[in-house]
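# Summary of structural features
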Amino acid sequence: MVVFPLLFVAVTGVLLNHTVALGLDQKPVRSIWVAKHYGFLPKGPIYESELGARKAYFCEDQLSWQGKLYSLQGTYLGGFQVPAGVAFVSSEQVLLLDSSGQELELMGEEALPPLPLEKATFEQGLVVVAAGKSYRFSEELIDYEPVAKEAFSFLVTVQELKASEASQIRPQFVGEMVSWNRFILDLHSGAFFGLFGKLVADFVVIMIVVLCISGIVLWVRPPRRNGSGS
Amino acid sequence: MALQKKINLTSGLVTLSKNWQQVPSVVRWVLIACVLLFGMGLSHAEDVYLKPSDFIKKAFRGSLPPTQVLTLDASAQKRAEKIMRRAVRPRIRYWEKGSRSVWILEEIGKTKPITTGFIVDGGKLKEMRVLVYRESHGWEIRKSFFTKQFVGNTLTPKDKLSRPVSNIAGATLSVRAVSKMARLALYFDTIRS
């Protein structure tokens, strides 16, 4: 009865002792079930934007693009093909990726027109609207200059997904919040299974103590002799 | 008008403190809970001490030089990643005038990024300033008793700071984060242009 929980605690304990050597402290657990359990699966609305044949999804300051997750704070305004790669624009930041999806730069307040950005489009360069004025970025997205607002058509490029579609896309937003180290620690202590798990872990430990003490008692105590004769 | 409001608020607080014992205990507990909740709310808010763009303007006394971009090659990126112990984006924006360069860098303290401004002049840190702090603990790193430790620091051949930076109890992760950023700013300054 006690053997299986004891084995479980022993194995997780050994793993815990070597998490750094095994690289488990840096490795995230990529499981929807675990993410849900820890409350790390975002519940907010999911927004979709199209870049040619590919689609980008945005939910709660996270952007999902070609199977990778990126941090992007603010309200999502869309993604655009630019000469350097792809630029994803939010009201607070612009994330620049190369064609392979590697992050080149995350442009913040110091690199953008007065925040928040209100709209974005691509017409002979990335164009954004901020504080009622339009600005066009240079080809390499280093500088920007004000341009006439009337010259651009700001089509709606971002759409909120319906609940049924969102539930299919949501697993893409399983982040890297829980490391294997933390997950194994919670399994080892029983905390992962709530109060029941903790009580089971306590029971296992108490049983180990009982077995140790009773074993020592049996070892120290002289053996009983059966009958009166020798 | 504003002065009148201030007087009203002050006199209200004085009256409340004088008659505190007469206030029903339920109301007292509700007031205490409100103060605590408000305090907790404040401690988790994003604190913008100085906008990054204002820090850059201040560094150049109002005249903003053109934006420069430093693109890291593979070896520079590897060295930067060794300093930060994480992946580093290869494109870094900075501003320069003569021997002075300004860097706006971000690093996660415990869970959220700390935005910090660095002024490097002639290979030495001239100023370090915490611009945006988003963590709930460790905000003490923005205080001058801590930031002034960075002034005059240079980068050693092993990519360490030339003078040690004292830790702040309860803000260890934030101290580590800004120390790493200081080293990175000094390294970037050596390879710019």
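Description of the structure in this document. (Residues numbered from 1 in each chain as written. Chains lettered and ligands numbered in written order. Predicted model: local features only at pLDDT ≥ 70, side-chain atom pairs only at ≥ 80, totals over all residues. Heavy atoms only, no water.)

### So, the overall build of chain B
Put simply, the rule reads: Each helix corresponds to a stretch of at least 4 residues labelled H or I by DSSP, and each strand to a stretch of at least 2 residues labelled E; elements are numbered beginning at the N terminus. The cut-offs for exposure are 20% and 50% of the maximum accessible area for each residue type, with area from a 1.4 Å probe on protein chains only; residues under the lower value are buried, those over the upper are exposed, and the others partly exposed. In this description, contact between two residues means that some pair of their heavy atoms is separated by no more than 4.5 Å. The Shrake-Rupley method, run with a 1.4 Å probe sphere, supplies the accessible areas, and residue values consider only the shown protein chains as cover.
Secondary structure assignment for chain B yields six helices and six strands. The order of α-helices and β-strands along chain B, N terminus first, is α-α-β-α-β-α-β-β-β-β-α-α. For chain B, with 193 residues in total, the buried portion stands at 40%. Within chain B, residue pairs in contact and separated by at least 24 positions form 56% of the contacts whose partners lie at least 6 positions apart. If you sum the accessible surface of chain B, you get close to 11,400 Å²; carbon and sulfur atoms cover 60% of it.

### Focus: the pattern of salt bridges
Put simply, the test is: Each reported salt bridge corresponds to a side-chain nitrogen of Lys or Arg within 4 Å of a carboxyl oxygen of Asp or Glu.
Within this structure, the stated rule accounts for twelve salt bridges over all chains. Notably, a salt bridge pairs Glu-96 of chain B with Arg-192 of chain B, separated by 2.3 Å at the nearest N-O pair. Pair noted here: Glu-96 of chain B is in strand E3 (residues 91-97) and Arg-192 of chain B is in the segment after helix H6 (172-191), with a separation of 96 residues, a long-range link. Salt-bridge contacts for Lys-180 of chain B lead to Glu-107 of chain B; the nearest nitrogen and oxygen are separated by 3.3 Å. Of this pair, Lys-180 of chain B sits in helix H6 while Glu-107 of chain B is found in strand E4 (residues 100-108), placing the two residues 73 residues apart along the sequence. An identical accessibility class is assigned to Lys-180 of chain B and Glu-107 of chain B; each is buried. Connected through salt bridges with shared partners, the residues Glu-105 of chain A together with Arg-91 and Arg-93 of chain B form a single ionic network.

### Let's talk about the interface of chain A and chain B
Quick note on the threshold: Buried area counts how much accessible surface, traced with a 1.4 Å probe, disappears from two parts once they are put together, with both parts' losses summed. Nitrogen and oxygen atoms within 3.5 Å of one another constitute a polar contact, given that in protein one can donate a hydrogen and the other can accept it, and given that sequence-neighbouring residues count only through two side-chain atoms.
Across the contact, 15 residues belong to chain A and 15 residues belong to chain B. In total, chain A and chain B occlude about 1,300 Å² of area from one another, counting both sides; carbon and sulfur atoms represent 44% of this. In this structure, the connection of chain A to chain B is made through three salt bridges. The interface formed by chain A and chain B includes nine residue pairs in polar contact (both at pLDDT 80 or more). It is strand E8 (residues 103-107) of chain A that provides the largest number of residues to the side of chain A that touches chain B, a total of five residues.

### A look at the sheet that holds strand E4 (residues 68-71) of chain A
All names here are of chain A. Definition in use: When DSSP locates at least two bridges between a pair of strands, those strands are taken to pair. Throughout, an axis means a line fitted to C-alpha atoms (over the contacting stretch in the case of helices), and angles, computed between N-to-C directions, take values from 0 to 180 degrees.
If you walk across this open sheet you meet the five strands as E4-E3-E2-E1-E13, and the pairing is antiparallel. In this open sheet, the two strands that pair with only one neighbour each are E4 and strand E13 (158-160). Strand after strand, the sheet turns through a mean of 25° between neighbouring axes, direction not considered. In the sheet, strand E3 (residues 62-65) pairs with E4 via four bridges, with the strands oriented antiparallel. When the bridges of E4 are listed, Ser-64 appears paired with Leu-69.

### Looking at the pairing of strand E6 (residues 85-90) of chain A
Residues and elements named next belong to chain A. The buried count for E6 comes to six of six residues, which makes it a mostly enclosed element. As judged from the six bridges shared by strand E5 (residues 76-82) and E6, these two strands associate in the antiparallel manner. Looking across to E6, one finds that Gly-79 is bridged to Phe-88. Adjacent in sequence and paired antiparallel, E5 and E6 are bridged by two residues.

### A word on unusual backbone geometry
In this structure, Pro-116 of chain A follows Leu-115 of chain A across a cis peptide bond, with omega equal to 5°. Looking at the secondary structure, you find Pro-116 of chain A in the loop between E8 and strand E9 (117-122). A positive phi angle, close to 50°, is found at Arg-61 of chain B, a residue other than glycine. Examined against the element boundaries, Arg-61 of chain B turns out to sit in the loop between helix H3 (52-59) and strand E2 (67-71). Unlike most non-glycine residues, Asp-159 of chain B shows phi in positive territory, near 60°.

### As for a nonpolar patch on the surface
Selection criterion: Only residues whose relative accessible area exceeds 30% and that form no salt bridge enter a patch; like-charged residues are grouped when within 9 Å of one another, and nonpolar side chains (Val, Leu, Ile, Met, Phe, Trp, Tyr) when within 5 Å.
A cluster of nonpolar side chains, contributed by Val-3, Phe-4, Leu-7, Val-11, Leu-15 and Leu-22 of chain A, occupies part of the molecular surface with about 590 Å² of accessible area. With respect to the helices, strands and loops of the structure, Leu-15 of chain A is situated in helix H1 (residues 3-17).

### Side note on the nonpolar core
To be explicit about the condition: Here the nonpolar core consists of buried residues drawn from Ala, Val, Leu, Ile, Met, Phe, Trp, Tyr and Cys, with membership extended through side-chain atoms lying within 4.5 Å.
By size, the foremost hydrophobic cluster in this structure holds 35 residues, and its most contacted members are Trp-103, Ile-141, Phe-146, Phe-150 and Phe-188 of chain B. For this core, the element with the most residues is H6 of chain B, which contributes ten residues. Apart from the residues within four sequence positions on either side, Phe-146 of chain B is in contact with Met-128, Glu-140, Ile-141, Val-165, Ser-166, Ile-168, Val-175 and Val-178 of chain B. Residues Val-82, Ala-87, Tyr-135 and Phe-137 of chain A belong to the second largest nonpolar core, which totals 19 residues.

### With respect to the side chain of Ser-91 of chain A
In this structure, Ser-91 of chain A sits in the loop between E6 and strand E7 (94-97). Apart from the residues lying within four places of it in its own chain, the contact partners of Ser-91 of chain A are Gly-74, Thr-75, Leu-77, Leu-115, Pro-116 and Leu-117 of chain A.

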